[in-house]
Amino acid sequence: MCGRYSLTTPLDDLVEVFDVPPVTFDYHARYNIAPTQEVPVVASDRRGTRLGLLRWGFVPAWAADPSIGSRMINARAESLLGKPAFKQAAASRRCLIPADGFYEWVVEGDRKVPYWIHRPGREPMGLAGLWERWQTRGAEPVYSMAIITVDANDRIKHLHDRMPAIVPAAYRAAWLDTETPTEDAMSLLKPYEDTLEAYPVSTLVNSPANDVPECIEPV
């Protein structure tokens, strides 16, 4: 499961890394991103590939109420094509969630210790995701997303048995391209093969109200 992550990469670097136009929303460093919040997401449609804000928590188009999104923050790669909520999105509404780290909690003694997991040098990652548009009569549309998870790789499986699917830079365009056959896109969802680092951080991260640099500092 991935229930919290961070994105502190400077905006100019983010735009360059993901090869998107300048953004039209207010962007600032985030140290403790939580479900139900609006987050930067890279997606492609008829207007091209761009970075915009989507709500974290997938709301299927057929849902009676958008509150269901708070329970659909992750989607398991192994079952995407078998789930009615995710099947169509897996074929045509794939996205990337920029992040420079994510959190997992580990039971140590009588307490849970949060760990921040990141690439060397805190280089930004593109987490694989799915997005959806939900709307009911008389209401504004809700654009939402879920982060796809896979088995954890050998470097972090001692922390948790699942991890976000990280799409390597060379395959980001193929993942986003709706012309990529679904089966080929699904083959990109696997444990990350490059190096990840992790260290324990403050329990400040336990509360989404704490969105401060201290959340990612080692303790």
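Above this text is the structure in question.
Let us look at the structure shown here. Everything quoted here is computed from the prediction, not taken from an experiment. (Residues numbered from 1 in each chain as written. Predicted model: local features only at pLDDT ≥ 70, side-chain atom pairs only at ≥ 80, totals over all residues. Heavy atoms only, no water.)

## Brief notes about the nonpolar core
Part 1: In terms of nonpolar packing, the biggest core is built from 67 residues, with Y5, M145, W175 and L189 touching the most fellow members.
Part 2: Leave out the neighbours within four places in its chain, and L189 touches A77, L80, A128, I148, V150, A165 and W175.
Part 3: Among the nonpolar cores identified, the runner-up in size contains eight residues, and W116, V201, V205 and I216 belong to it. (Core = buried A, V, L, I, M, F, W, Y, C linked by side-chain atoms within 4.5 Å. Buried < 20%, exposed > 50% of the residue type's maximum accessible area, 1.4 Å probe, protein only. Contact = heavy atoms within 4.5 Å.)

## A word on the side chain of S144
Part 1: Within the secondary structure, S144 sits in strand 10 (residues 142-151).
Part 2: Exposure remark for S144: the relative accessible area of 0% places this residue in the buried category. (Helix = DSSP H or I, 4+ residues; strand = E, 2+ residues; numbered from the N terminus.)

## Some thoughts on the side chain of E132
Part 1: Structurally, the position occupied by E132 is in strand 9 (residues 125-134).
Part 2: At 2.9 Å, the side chain of E132 forms a polar contact with the side chain of R93.
Part 3: If we ignore the near neighbours within four places in the chain, the residues touching E132 are F58, V59, P60, A61, R93, V142, Y143 and S144. (Polar contact = N/O pair within 3.5 Å; in protein donor to acceptor, adjacent residues only side chain to side chain.)

## Here we look at the packing of aromatic side chains
Part 1: This structure, assessed with the given rule, holds five aromatic pairs.
Part 2: For the pair Y103 and W105, a centre-to-centre distance of 6.2 Å together with 40° between the ring planes defines the contact as tilted.
Part 3: Judged by its relative accessible area of 0%, Y103 falls in the buried class.
Part 4: Note on W105: relative accessible area 25%, which makes it partly exposed.
Part 5: Against the face of W175 rests R94, its NZ or CZ located 5.5 Å from the ring centre. (Phe/Tyr/Trp six-rings, centres within 6.5 Å; stacked < 30°, edge-to-face > 60°. Lys NZ or Arg CZ within 6 Å of the ring centre and 35° of its normal.)

## Some remarks on the sheet that holds strand 1 (residues 5-7)
Part 1: Read from one edge of the open sheet, five strands run 2-1-7-8-12, paired in antiparallel fashion. Edge positions in the sheet fall to strand 2 (30-33) and strand 12 (197-200), since each has one partner strand and no second. Neighbour to neighbour, the strand axes of the sheet diverge by 30° on average, direction disregarded. (Pairing = 2+ DSSP bridges. Axes fitted to C-alpha atoms, helices over the stretch in contact; angles between N-to-C directions.)

## A closer look at the pairing of strand 8 (residues 111-118)
Part 1: With six of its eight residues buried, strand 8 lies for the most part within the structure.
Part 2: Inspection of the sheet shows strand 7 (residues 101-108) paired to strand 8 by seven bridges, in the antiparallel sense. By the bridge assignment for strand 8, Y103 is matched with W116.
Part 3: Where strand 7 folds back on strand 8, the antiparallel hairpin that results is connected by two residues, among which G109 adopts a positive phi of roughly 70°.
Part 4: By the bridge criterion, four bridges tie strand 8 to strand 12 in an arrangement that is antiparallel. Within strand 12, the position partnered with Y115 by the bridge is P200.

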